[in-house]
Amino acid sequence: MTLAIDHLGIAVKSLAASKAIYEKLGCSISPEEVVEGEQVRLVMVPMGESRLELLEPTSENSAIAKFLAKRGEGLHHISLRVPDLTAVVERLKRENVRLVSNEIKIGAGGHRYVFIHPSSAGGVLLELVEGGH
Ligand code: CO
């Protein structure tokens, strides 16, 4: 099985303000999209074979809003791309790896994802996404 870093997720207070450095660096930036289920608005900044995901909360109840209140802006999660998410999640559950939610979620664009809790991943919030985009 080959894993790759799909993206790095960065929590920001303002997409408009935090996009600016990447615009100055000459990056192309995706249009903004809203993920209702996570209460965030985001843009993607392509970086070679990976991407940066800038995440701004749309509600105080959003996990990103809570992260910003506690830790401030900065790296929020690392996302790994796996070929068969269902098989990986079943294996992790057998190995007693702590997941943030026990079922696979469906994000914007229909992509499937799950988060591994930092307590099972060396203090890093690890997102697993399925597929080859
Ligand atoms: Co992400």
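Computed from a predicted model, the values in this text were never measured in an experiment. (Residues numbered from 1 in each chain as written. Predicted model: local features only at pLDDT ≥ 70, side-chain atom pairs only at ≥ 80, totals over all residues. Heavy atoms only, no water.)

Engineer: For this particular structure, what's the right way to read the coordination of the cobalt ion?
Structural biologist: Geometry reference: four tetrahedral donors at a metal, ideal angle 109.5 degrees. Six octahedral donors, ideal angles 90 or 180 degrees. Taken together, H7 (NE2), E53 (OE), H77 (NE2) and E127 (OE) make up the protein donors of the cobalt ion, found 2.1 to 2.3 Å from the metal. All donor residues of the cobalt ion come from one chain, and their arrangement in sequence is H-x45-E-x23-H-x49-E. Here E127 lies in strand β8 (residues 126–130) and E53 lies in strand β4 (residues 50–57), a separation of 74 residues in the sequence. Comparing E53 with E127 shows no difference in burial state: the two are buried. (Donors = N, O, S within 2.8 Å, 3.2 Å for Na, K, Ca; no water. Helix = DSSP H or I, 4+ residues; strand = E, 2+ residues; numbered from the N terminus. Buried < 20%, exposed > 50% of the residue type's maximum accessible area, 1.4 Å probe, protein only.)

Engineer: Please explain the nonpolar core as it appears in this structure.
Structural biologist: For soluble globular proteins, the rule of thumb is that nonpolar side chains tend to be buried together. Core analysis: the largest hydrophobic core is formed by 12 residues, namely L80, V82, L85, V88, V89, L92, L99, V114, I116, A121, L126 and L128. Going through the elements one at a time, β5 (74–82), α3 (85–94), β7 (112–116) and β8 are the ones with two or more residues in this core. The biggest single contributor to this core is α3, with four residues. With residues up to four places along the chain from it excluded, the contact list for V89 reads L99, I104 and V114. (Core = buried A, V, L, I, M, F, W, Y, C linked by side-chain atoms within 4.5 Å. Contact = heavy atoms within 4.5 Å.)

Engineer: I keep staring at the sheet that holds β8 and nothing clicks. Help me out?
Structural biologist: Neighbouring strands of a sheet are bound in pairs by backbone hydrogen bonds; such pairs are parallel or else antiparallel. The eight strands are arranged β2-β3-β4-β1-β5-β8-β7-β6 in an open sheet whose pairing can be described as mixed. A strand with exactly one partner marks an edge of an open sheet, and here the two such strands are β2 (33–35) and β6 (105–106). As judged from the five bridges shared by β5 and β8, these two strands associate in the parallel manner. Bridge assignment links V82 to a residue of β8, and that residue is E130. Of the strands in this sheet, β5, β7 and β8 are in contact with α3, which crosses β7 at around 25°. (Pairing = 2+ DSSP bridges. Axes fitted to C-alpha atoms, helices over the stretch in contact; angles between N-to-C directions.)

Engineer: Please explain the packing of aromatic side chains as it appears in this structure.
Structural biologist: Aromatic ring pairs are defined here through the distance separating the ring centres and the angle between the ring planes. On inspection of all chains with the given rule, the structure shows one aromatic pair. Ring centres of Y113 and F115 lie 5.9 Å apart, and the angle between their planes is 80°; this geometry places the pair in the edge-to-face category. In terms of burial, Y113 and F115 fall into one category: buried. (Phe/Tyr/Trp six-rings, centres within 6.5 Å; stacked < 30°, edge-to-face > 60°.)

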